[in-house]
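Here is what each chain is made of, one letter per residue.
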Amino acid sequence: MRLYLLAFWSGLLLFASAVSGVYAQVLPPAVHFRHLDYRNGLSDPNIILLTGDTTGFLWIGTLNGLNRFDGTTCTTFQDKTIDSLNLEGNMIMGFLEAGNGNVWVGTQRGLSLHNTLYGSFKRLVFPSVNNGNYYYAYPFHVDDRGRLWANMAGGIYVYDGGEPRLLSNHTNGRSVVGQRPGEKVKWMVTNASGGGIFVHSLEGLEIVRTREYFRKAPALHVDGVTIVSDSLIWIAADRGLIGLNPHTGASEIHHFEAGVTCIYPYKNLLFVGTNGDGLKLFDPTKKKIVAHYSHQNENPGSLAGDHITKLFIDRHDNLFVSIHGKGVDYAPVKPMIFMPVPDNETAAKQGITNAINAVYQSPDGQVWCGTDASGVVVLDAALKKICARYLPGEGISRIFRFGNDELLIQSKTPEFFLYSFRTGKLRKVKIDPVFSELNHATTDPVNGKLMIGTTQGPAYLEKKGDQALHVNFLKELTGSLEWSNVSNLSFIGKDELLLQTFYTNLYLVRRVGQGFKIVKELARTPYNINRVATIGNTVYLGTTSGLYTFDPVSGRLGEKPLLTAHCTDLNRDGSGRLWINSNNGLYSYRPDTGHFDHYSESDGLQQPVFPKGTLVQLLDGRMMTGGSNGLNSFDPSAVNVRGAPVKALITDIAINDEPYYKFAAVGLKKLDLKHTSNTLTFHITPLDFDNAPHRKVTYQMIGYDNEPIETTGATEVRYARMPPGNYRFQVFAHSSLLPTVLEINIKTPFWKRTDFRFLLALAGIALALLATFVFGRWIRNRQLEKLRIMISSQEEERKRIAIDLHDDLGGRLSSLKLYIQATAKGMSEQYLETYRDTTRLLDETISELRNILFNLSPKTLDENGLEAAIRELSWNIERITTVRIETSIDTQGIHIPRSIQYSVYRICQELINNTLKHSGADRIYISLVNREDGLVFLYEDNGKGFEYDFVKKGYGLTNIQTHAQAIFSSVIIDSSIGKGAAVTLTVPRDVVEAAPGKRDANRI
């Protein structure tokens, strides 16, 4: 049965002063337990193991998997045969940090190593342990050399990376060493098969001495061993709590009403779990129980059951208690700040509904409490006994001071009652005229009258005899309002007040004579004001949307709330600190620093939700607040910032709405992603076992969010389609200055990178140049093709003309000559001279015709090839001129395409013509040779030469260039004044070797 510090409603004290006076400072009996079960994701309510890690998580080993608890929800690791990286075995027997960030986990299937970076498990198979088959494993120590000590398959083994070494097989599976983690093992305690314990002393890896304790019949059934020092261990056993000197054997037993199942030391005390009598706090020095925690049907903050199986206390003094078949209960182990008056269990025994709707302290110090269904309960100034009860069975909604010596009580019916402090009597009163609803009431500081806000407008409530109250509506003020439903009236000075109509307008109102007038409308208010408090020159408004400020000097209302919460009541203490009731706990605010503190059930509050009108400052300076589970009183001067810093963590990550499995989210420092993996979801959680649901957390994606974003409790944050770039996602709880930081790099797609764009620009330029080049070549080849067609047509036309001249004109001239010769016979002497002139002219004409025919279509070129044609051309020139031509032709018998032969020959003709017409040369040198780079035609003369750049480009030179282009050849003309001329034509090898028609296709 819990011991309580405060009084029963009936006046009986709830605690023994001899107990509470000394031990309540270590751990007050009133502890509010939270419950962890399937609703938080716990995989099984039957707990085998409770422990913590260096990050601060609670690890829970169950019959159905390993659970990691962060104060809000569990992450479960279980045996899944479809995934080889999952844990093998669901019965969790041991959990031990390896010292390198990894974790050893023991199950009924053996020993596994958990890689916390990747979130994977790997089971170790040892041929020497149970022949490599499955075995029970209990890792229990990592020594100074990083070696693992573990109970496996009924033996004690040491594992150092190879095959484990067996030290002893005298165990049933659980051992505890007498040294801290990371220290050399000197001695250990292990459960013995069949009952009792062994104490092994070691030198290195050798057991040099073994002592047996409690092995004789009836053997002691040991559930747990806790080592305090080299000379004291505590044993949890079926017979009770046993203290033992492991080296001398001296022992003492402490009997409890039930068997002891587990022990956990706390300061100089011991938490002791039993198998049916709850949790006890034991003082070994006094040898007595100083606190007892058990299940209470009417108290949701009590233990969920009385069969305790495991205990654990983390480094922040959070107590975790596993209840058989119920899961885990937990609460912070710290002095209580807010004392209960009383809890539901105590109130239920007295037949009183413990829901408080109104609180008022009378001038004599008594506290009047309006309950939800048990009328008015009056407590004495010490809050230890009930002085009186009124209106039993009634639900009370409000209690107001009315005048100097009366109280006005409103029931939920609604009905009104007046209580007189002078007579001590309570009477029912009528309201005239009747109004629909009383929203708010305040006392006028000038005349002491009760001013009320109703649905019909503001009014004074005045006595009309002893049995009635008169409602005196302020009609002029009401007529000035946009809406008459007044929800709040609060004086901020002797003659000024704030008036709000229900969720609509806020007005500044000033006293004028015997009435009031609106000075101005301050704001449209989409919230309702519940309470107003003034500190210094600032007016604080507790509203349904948060805590706002009002500056009466400037008349300016704050745009944003200082606190985002449903504020139901406000009050200030003697030091100028503001206290705020809300729908999620109690807050304190220091105006000088702007700092908020939040208090919840773990601090002793009996509920997180408080109605209006329940936060009062008592005459002695204490504060009192009430709610659905009773009252709490506290000394505000003794309430300081408390609790260890809480860290906010990233517990899960999803990429493109798919879980991210590559690395574990916890501890991840950097995330490199493709540009397509740009929708990120983070689950952020305050690692808090005290007040996680209401812990404020701030997060920001630096580089994306303009400012930090505030939230409460565990939150899922999603960023959709983030642009490429470098970001920093940071999260921190408000009680911690060290954020959790995750560096994020979303890679820029290659087509948006600067280097790619530069290369793309270069490639574009190159393609443009290539396209220009190809197009130019195509145009040029088209032109050359047209040129070749033209030249070919010309050659064909020349052949046709030559044939026609030869067959027609040549034949006619020959016939004409025969006719003339025939007529010459017997011709007189006087005509012979004419005959000879005619015959000579006819011969010249025939000769000229032959030259024309030769130039039009050299027959030798068609019949005997280029070499013979050039030689014949040279011979003809020498025959009819004084110019001597030297030829040197060596084509090595290669086949020269017909088009090339014609072009070279025509070029040769043009060059000879130019020499004869312009140069005055008497010698010409012509060479045609076959070389590796192609067919080279060289033409030289010893004429007067010319300046090529200044000479007029006539038909001859143009014809030479045209023929050269037609066969894809280059022409170099080298000439200067007085040095003759040299022309080199080079026909490329591939042009010479190309089959007819093929070259043109390749060149295009």
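The name recorded for the protein chain in an unreviewed UniProt entry is histidine kinase, from Ravibacter arvi. According to the UniProt record, the Catalytic activity (unreviewed entry) comment for the protein chain is "ATP + protein L-histidine = ADP + protein N-phospho-L-histidine."

Observations concerning the overall build of the protein chain
Along its length, the protein chain carries 11 helices and 70 strands. On C-alpha atoms alone, the protein chain measures out to a radius of gyration of 56 Å, which is more than a quarter above the 30 Å that the 2.2 N^0.38 rule sets for 1004 residues. If one aligns the C-alpha atoms of the protein chain with their principal axes, the spans along those axes are about 190 × 100 × 45 Å. Per-residue burial for the protein chain yields a buried fraction of 51% across its 1004 residues. Roughly 47200 Å² of accessible area belongs to the protein chain as shown, and the carbon and sulfur atoms make up 51% of that amount.

Points about the sheet that holds strand 30 (residues 356–361)
The strand order 30-31-32-33 describes an open sheet built from 4 strands, whose pairing is antiparallel. Edge positions in the open sheet fall to strand 30 and strand 33 (386–390), since each of these has one partner strand only. In this sheet, adjacent strand axes meet at a mean angle of 20 degrees when their direction is disregarded. Sheet topology note: the strand 31 (residues 367–371)/strand 32 (residues 376–379) ladder contains 4 bridges and is antiparallel. Across the sheet, Trp368 pairs through a bridge with Val378, a residue of strand 32.

Overview of the UniProt feature "transmembrane region" (unreviewed entry) in the protein chain
UniProt tags residues 758–779 as "transmembrane region" (unreviewed entry). The span residues 758–779 is 100% helical and 0% strand by assignment, and the distance between its end C-alpha atoms comes to 31 Å.

Notes on the pairing of strand 62 (residues 709–712)
For a regular strand, side-chain orientation follows a simple rule: the groups alternate between the two sheet faces. Two strands pair when backbone bridges link them, and strand 61 (residues 696–702) and strand 62 are joined in this way by 4 bridges, in the antiparallel orientation. Paired with Thr698 across the strands is Glu710, a residue of strand 62. Connecting strand 61 to the antiparallel partner strand 62 that follows it, the hairpin turn spans 6 residues, and Gly703 within it adopts a positive phi of roughly 100 degrees.

A word on unusual backbone geometry
Note the cis peptide between Thr413 and Pro414, where omega equals 5 degrees. As for its placement among the helices and strands, Pro414 is situated in the loop between strand 35 (406–411) and strand 36 (416–420). With a phi angle near 65 degrees, Asp657 is a residue other than glycine that sits in the positive phi range. You can see Asp657 is positioned in the loop between strand 57 (648–655) and strand 58 (658–659). Notably, Phe968 is not glycine yet its phi reads approximately 55 degrees, a positive angle.

Comments concerning the side chain of Asn318
By secondary structure assignment, the location of Asn318 is in strand 27 (residues 318–323). With near-sequence residues (within four places) excluded, Asn318 lies in contact with Phe312, Ile313, Ala331, Pro332, Val333 and Phe689.

Quick look at helix 8 (residues 898–919)
End to end, helix 8 covers 30 Å across 22 residues, agreeing with the expected 32 Å (1.5 Å per residue, within 8%). Backbone geometry just downstream of helix 8 places Gly920 in the positive-phi region, at approximately 70 degrees.

Looking at the sheet that holds strand 15 (residues 187–191)
Paired through backbone hydrogen bonds, the strands of a sheet run either parallel or antiparallel to each other. The antiparallel open sheet is built from 4 strands, whose spatial order is 14-15-16-17. Unpaired on one side and paired on the other, strand 14 (175–177) and strand 17 (206–213) mark the two borders of the sheet. Pairs of neighbouring strands in the sheet enclose a mean axial angle of 20 degrees, with direction left out of account.

Considering the pairing of strand 56 (residues 630–634)
The buried fraction of strand 56 amounts to 5 of the 5 residues, a majority that puts the element mostly inside the structure. Pairing of strand 55 (residues 623–627) with strand 56, which is carried by 5 bridges, proceeds in the antiparallel orientation. Within the sheet, the bridge partner assigned to Gly626 lies in strand 56 and is Leu631.

Let's talk about the side chain of Thr226
In this structure, Thr226 sits in strand 18 (residues 222–229). Among the polar contacts listed, one links the side chain of Thr226 to the backbone oxygen of Ile263, at a separation of 3.4 Å. Other than its neighbours up to four places away in sequence, Thr226 contacts Ile233, Trp234, Ile263 and Pro265.

Things to note about the pattern of salt bridges
Scanning all chains against the criterion turns up 31 salt bridges. Of the charged contacts, one joins Arg695 and Asp688 as a salt bridge, the two residues approaching to 2.9 Å between their closest N and O atoms. Neither residue differs from the other here; Arg695 and Asp688 are each classed as buried. By sharing partners, the salt bridges in this structure join Glu406, Arg427 and Lys463 into a single network.

Some details on the packing of helix 8 against helix 9 (residues 955–966)
Where helix 8 contacts helix 9, the axes come no closer than 9 Å and their chain directions differ by 160 degrees. With respect to helix 9, the axis of helix 8 lies roughly antiparallel. Judged by the sense of rotation from one axis to the other, the crossing of helix 8 with helix 9 is left-handed. Here Ser903, Arg906, Ile907, Glu910, Leu911 and Asn914 of helix 8 come into contact with helix 9, specifically with Tyr955, Gly956, Leu957, Asn959, Ile960, His963 and Ala964. Here the residues of the contact of helix 8 with helix 9 sort into 6 nonpolar, 5 polar and 2 charged.

Focus on the nonpolar core
Ranked by size, the top nonpolar core spans 36 residues in total, and within it Ile926 and Phe937 carry the most contacts. Ranked by residues supplied to this core, first place goes to helix 8 with 8 residues. Dropping the residues within four chain positions of it, Phe937 is found in contact with Ile870, Val904, Ile907, Cys908, Leu911, Ile926, Ser927, Leu928, Val983, Thr984 and Leu985. Formed by 27 residues, the second largest nonpolar core is a distinct cluster that contains Leu49, Ile92, Phe121 and Leu687.

Examining the environment of Gly393
By the secondary structure assignment, Gly393 is in the loop between strand 33 and strand 34 (396–402). Placed 17 residues apart in sequence, Gly393 and Val376 show a C-alpha to C-alpha distance of 9.3 Å. Beyond its immediate chain neighbours, meaning those up to four positions away, Gly393 contacts Ala373, Ser374 and Gly375.

Quick notes on the state of the cysteines
The full count for this structure, using the stated rule, is 0 disulfides. Here Cys387 is not cross-linked by a disulfide; its sulfur's nearest cysteine counterpart is in Cys369, at 11 Å.

Here we look at a nonpolar patch on the surface
A cluster of nonpolar side chains, Phe758, Leu759, Leu762, Ile765 and Leu769, forms an exposed patch at the surface whose accessible area comes to about 530 Å². Mapped onto the elements, Leu762 comes out in helix 4 (residues 754–824).

Observations concerning the packing of aromatic side chains
In total, this model carries 40 aromatic pairs according to the counting rule given. With a centroid separation of 4.6 Å and 25 degrees between ring planes, the pair formed by Trp59 and Phe95 is classed as stacked. Separated by 36 residues along the polypeptide, Trp59 in strand 3 (residues 58–62) and Phe95 in strand 6 (residues 92–97) bring together distant segments of the chain. Each member of the pair Trp59 and Phe95 is classed as buried.

Some remarks on the packing of helix 7 (residues 866–880) against helix 8
Relative orientation of the contacting elements helix 7 and helix 8 amounts to 15 degrees, with a least axis distance of 10 Å. Considering their axes alone, helix 7 and helix 8 lie roughly parallel with respect to each other. Seen from above, helix 7 lies across helix 8 with right-handed handedness. In this structure, helix 7 contributes Leu866, Ala869, Ile870, Leu873 and Ile877 to the contact, and helix 8 contributes Gln901, Val904, Tyr905, Cys908, Gln909, Ile912 and Leu916. When grouped by side-chain class, the residues that make up the contact of helix 7 with helix 8 number 10 nonpolar, 2 polar and no charged.

Quick look at the confidence of the model for the protein chain
When pLDDT is averaged along the protein chain, the result is 86, and 90% of the positions lie at 70 or above. Averaged over each element, pLDDT in the protein chain is lowest for helix 1 (residues 17–23) (31) and highest for strand 3 (97). Here residues 1–29 is a poorly scored stretch, pLDDT under 50, and it has 87 contacts once near neighbours within four places are set aside; other chains count. Contacts of residues 995–1004 to residues separated by more than four positions or lying in other chains number 14 contacts, the stretch itself having pLDDT below 50.

Thresholds, definitions, all that
- Residues numbered from 1 in each chain as written.
- Predicted model: local features only at pLDDT ≥ 70, side-chain atom pairs only at ≥ 80, totals over all residues.
- Heavy atoms only, no water.
- UniProt positions renumbered as here; feature names shortened; annotations may be inferred.
- Helix = DSSP H or I, 4+ residues; strand = E, 2+ residues; numbered from the N terminus.
- Rg over C-alpha atoms; globule rule 2.2 N^0.38 Å.
- Buried < 20%, exposed > 50% of the residue type's maximum accessible area, 1.4 Å probe, protein only.
- Areas by Shrake-Rupley, 256 points an atom, 1.4 Å probe, with all protein chains shown as cover.
- Pairing = 2+ DSSP bridges.
- Axes fitted to C-alpha atoms, helices over the stretch in contact; angles between N-to-C directions.
- Contact = heavy atoms within 4.5 Å.
- Expected span 1.5 Å × (residues − 1).
- Polar contact = N/O pair within 3.5 Å; in protein donor to acceptor, adjacent residues only side chain to side chain.
- Salt bridge = Lys/Arg side-chain N within 4 Å of Asp/Glu carboxyl O.
- Parallel < 35°, antiparallel > 145°, perpendicular 65-115°, else oblique.
- Left-handed = near helix turned anticlockwise from the far one by under 90°.
- Nonpolar A, V, L, I, M, F, W, Y, C, P; charged D, E, K, R; others polar.
- Core = buried A, V, L, I, M, F, W, Y, C linked by side-chain atoms within 4.5 Å.
- Disulfide = S-S within 2.5 Å.
- Patch = residues over 30% accessible without salt bridge, like charges linked within 9 Å, V, L, I, M, F, W, Y side chains within 5 Å.
- Phe/Tyr/Trp six-rings, centres within 6.5 Å; stacked < 30°, edge-to-face > 60°.
- pLDDT = per-residue confidence, 0-100.

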